[in-house]
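Below, each chain spelled out in residue letters.
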Amino acid sequence: MNAHAALNRNATNLQRQDFPGLVGADGAPWHYLDTGATAQKPQAVIDAVSRALGKDYATVHRGVYARSADMTLAYEAARQRVARFIGASEDEIVFTRGATEAINLVANTWGMENLSVGDRILLSTLEHHSNIVPWQMLAERVGAHIDVCPLTDDGQIDLDAAEAMLTRQHKLVALAHVSNVLGSVLDVRRAADLAHNVGAKLLLDGCQAAPRLKLDMAQLDCDFYVFSAHKLYGPTGIGVLWARPEILDAMPAWEGGGAMIDRVTFEKTTYAPAPQRFEAGTPAIAEAIGLAAAIDYVEAIGLDQIHARETALVGQLREALGAMNDVTLYGPENSAGIVSFSIDGVHPHDLGTILDENNVAIRAGHHCAQPLMDHLGVPATARASFGLYSDESDVTALLDGIARTKTIFG
């Protein structure tokens, strides 16, 4: 092992110690390869949430007492932290319950205002259900149509096909920045150019991109961007919607009550400006603070370093699996942090169960991407997804578990 590899190994070991969830009940290492579903939480995030729920706790935006004012400052500082993380302004950041709610928010506000009978929405074959179903519901309500962009042979969204499909009838293009099944990375700038050339808006599902790729909304040139905290080493129950300020300002209120109001009378209610207009009720206070702590943790390591480490592990695993003639690999060679595969004669659920006996956790199923499974011609795949705490021992444990599974199945 060269000095650079040794340094990376030592850095990974130090970071693994920050994650109490990476140890099994028996005290043995837990080889967690399901970060694409949800990331383990570093102690710094756990501590931040604990403080917010404990000695620092108070409501926000309402109390005139000191602790409430302090908590309000901390909550809004979390919004500022998110904005810096994605190269945006704080008044462009809406806190939601997750990426799913963020997409639904856009569909039920901007979508209802801007789509009508005969308009079209372009999705792709690899989208997560959360980036399909809200648009289907919108299309049914307003009489719009959904088109589906195919994939290239190696599992990328086929932007050449998208260019041929797009027309002036398309009002929205909604695509995954990084596929949660294939790990394929979208050429966002080209997608933005294609959408804008026909007058459409571009929404990006950034759930798998935010934990590993540097984000800058001006450079991406999209119109909406969504991601969830829990895949970014933060808590569940909170996510982010970013939108261009002129779009956000024009979007009508969706849910009513709480801090989204300006003044309420029985004759008429007026609403707060964006982003508060979209944050009805008592917000996820501790969760927002936990998200800010997660961003601090990730950026202290460096997204470039995280992505490089995961890329190396993806290459190592794909090389090993590619040498097995009974294994089918899905997605591109340069997939971002994710390797999906199947083994002849072994259902992914059986593989996942046997691996669990060896303290190895993978995802087995359709990954909330059933149209993609239909395209691949399989009911499910096995998916290993890496995180900033992953190392070669996880790959070794997975390969050992696969060998044991093949022995069991003969």
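Residues numbered from 1 in each chain as written. Predicted model: local features only at pLDDT ≥ 70, side-chain atom pairs only at ≥ 80, totals over all residues. Heavy atoms only, no water.

Q: Tell me what's going on with the pairing of strand E8 (residues 239–243), and back it up with residues and numbers.
A: Most of E8 is tucked away, with five of its five residues classed as buried. Across the two faces of E8 the burial is the same, with Gly239, Leu241 and Ala243 and Val240 and Trp242 all buried. Pairing geometry for strand E2 (residues 93–96) and E8, over four bridges, is antiparallel. Across the sheet, the residue bridging to Phe95 is Val240, located in E8. (Buried < 20%, exposed > 50% of the residue type's maximum accessible area, 1.4 Å probe, protein only. Helix = DSSP H or I, 4+ residues; strand = E, 2+ residues; numbered from the N terminus. Pairing = 2+ DSSP bridges.)

Q: Give me the sheet that holds strand E15 (residues 381–385): which residues, what numbers.
A: Strand-to-strand pairing in sheets goes through backbone hydrogen bonds, with the strands running parallel or antiparallel. The four strands lie next to each other as E11-E12-E15-E14, forming an open sheet whose pairing is antiparallel. Among the strands making up the open sheet, the edge pair consists of strand E11 (327–330) and strand E14 (363–365). The sheet shows a mean angle of 30° between the axes of neighbouring strands, taken without regard to direction. Pairing of E14 with E15 involves three bridges; the strand directions are antiparallel. (Axes fitted to C-alpha atoms, helices over the stretch in contact; angles between N-to-C directions.)

Q: Please set out the environment of Val23 residue by residue, giving values where relevant.
A: Position of Val23 among the secondary structure elements: in the loop between helix H1 (3–16) and strand E1 (31–32). A relative accessible area of 46% places Val23 in the partly exposed class. Sequence separation between Val23 and Ala102 is 79 residues; the distance between their C-alpha atoms is 33 Å. When sequence neighbours within four positions are dropped, the list of residues in contact with Val23 reads Ala28 and Trp30. (Contact = heavy atoms within 4.5 Å.)

Q: So what about unusual backbone geometry? Which residues, and what values?
A: A cis amide bond, omega 5°, links Ala274 with the succeeding residue Pro275. For Pro275, the location among the structural elements is in the loop between strand E10 (269–271) and helix H10 (285–301). For His61, which is not a glycine, the phi torsion comes out positive at approximately 70°. Among the secondary structure elements, His61 is positioned in the loop between helix H2 (43–53) and helix H3 (66–85). Even without being glycine, Cys368 reaches a positive phi, approximately 55°. Tracing the backbone through its elements, the reader meets Cys368 in the loop between E14 and helix H13 (370–376). Take Cys368: its relative accessible area is 26%, and that puts it in the partly exposed class.

Q: Describe a nonpolar patch on the surface, naming the residues involved and giving the relevant values.
A: A surface patch of nonpolar side chains, about 270 Å² in accessible area, is lined by Ile261, Val264 and Tyr271. The topology assignment puts Tyr271 in strand E10. With relative accessibility at 45%, the residue Tyr271 sits in the partly exposed group. (Patch = residues over 30% accessible without salt bridge, like charges linked within 9 Å, V, L, I, M, F, W, Y side chains within 5 Å. Areas by Shrake-Rupley, 256 points an atom, 1.4 Å probe, with all protein chains shown as cover. Salt bridge = Lys/Arg side-chain N within 4 Å of Asp/Glu carboxyl O.)

Q: Just give me the short version of the confidence of the model for the protein, but keep the residues and values in it.
A: For the protein, per-residue confidence averages 95 on the pLDDT scale, and 97% of positions sit at 70 or higher. Across residues 1–7, confidence stays below pLDDT 50; counting only partners more than four residues off in sequence or on other chains, it has two contacts. (pLDDT = per-residue confidence, 0-100.)

Q: Requested: an account of the sheet that holds strand E6 (residues 201–205), with residues and values cited.
A: Spatial strand order, E2-E8-E7-E6-E5-E3-E4: seven strands in an open sheet with mixed pairing. Every other strand in the sheet has two partners, leaving E2 and strand E4 (145–149) as the edge strands with one partner each. Taking the axes of each pair of neighbouring strands and ignoring which way they run, one obtains an average angle of 20° across the sheet. Pairing geometry for strand E3 (residues 120–124) and strand E5 (residues 170–176), over three bridges, is parallel. What sits directly across from Arg120, in E5, is His170. Packing against the sheet, helix H7 (residues 188–197) makes contact with E5 and E6, and its axis sits at approximately 150° to E6.

Q: Account for the pattern of salt bridges, with residues named and values stated.
A: In the structure shown here, the tally under the stated rule is 20 salt bridges. Glu279 is the partner of Arg79 in a salt bridge, and the nearest nitrogen-oxygen pair spans 2.7 Å. Here Arg79, found in helix H3, pairs with Glu279, found in the loop between E10 and H10; they are 200 residues apart in sequence, far enough to count as distant. In terms of burial, Arg79 and Glu279 fall into one category: buried. One salt-bridge network, held together by shared partners, links Arg16, Asp391 and Asp394.

Q: How would you explain the packing of aromatic side chains if you had to name every residue and give the values?
A: Scanning all chains against the criterion turns up eight aromatic pairs. On the basis of an interplanar angle of 75° and a centroid distance of 4.8 Å, the ring pair of Phe19 and Tyr389 is categorised as edge-to-face. Of this pair, Phe19 sits in the loop between H1 and E1 while Tyr389 is found in the loop between E15 and helix H14 (392–409), placing the two residues 370 residues apart along the sequence. When sorted by exposure, Phe19 lands in the same class as Tyr389, which is buried. Ring geometry for Phe85 and Phe227: centres 6.5 Å apart, planes at 65°, overall edge-to-face. (Phe/Tyr/Trp six-rings, centres within 6.5 Å; stacked < 30°, edge-to-face > 60°.)

Q: Describe the packing of helix H4 (residues 99–114) against helix H5 (residues 133–142), listing the residues and the values that go with them.
A: The contact between H4 and H5 brings their axes to 9 Å, and the two run at 25°. In terms of orientation, H4 and H5 fall into the roughly parallel class. As for the relative orientation of H4 and H5, their crossing is right-handed in sense. Counted together, Ile103, Asn104, Val106, Ala107, Asn108, Gly111 and Met112 of H4 and Pro134, Trp135, Leu138, Arg141 and Val142 of H5 form the full contact between these two elements. In the contact of H4 with H5, the residues fall into eight nonpolar, three polar and one charged. (Parallel < 35°, antiparallel > 145°, perpendicular 65-115°, else oblique. Left-handed = near helix turned anticlockwise from the far one by under 90°. Nonpolar A, V, L, I, M, F, W, Y, C, P; charged D, E, K, R; others polar.)

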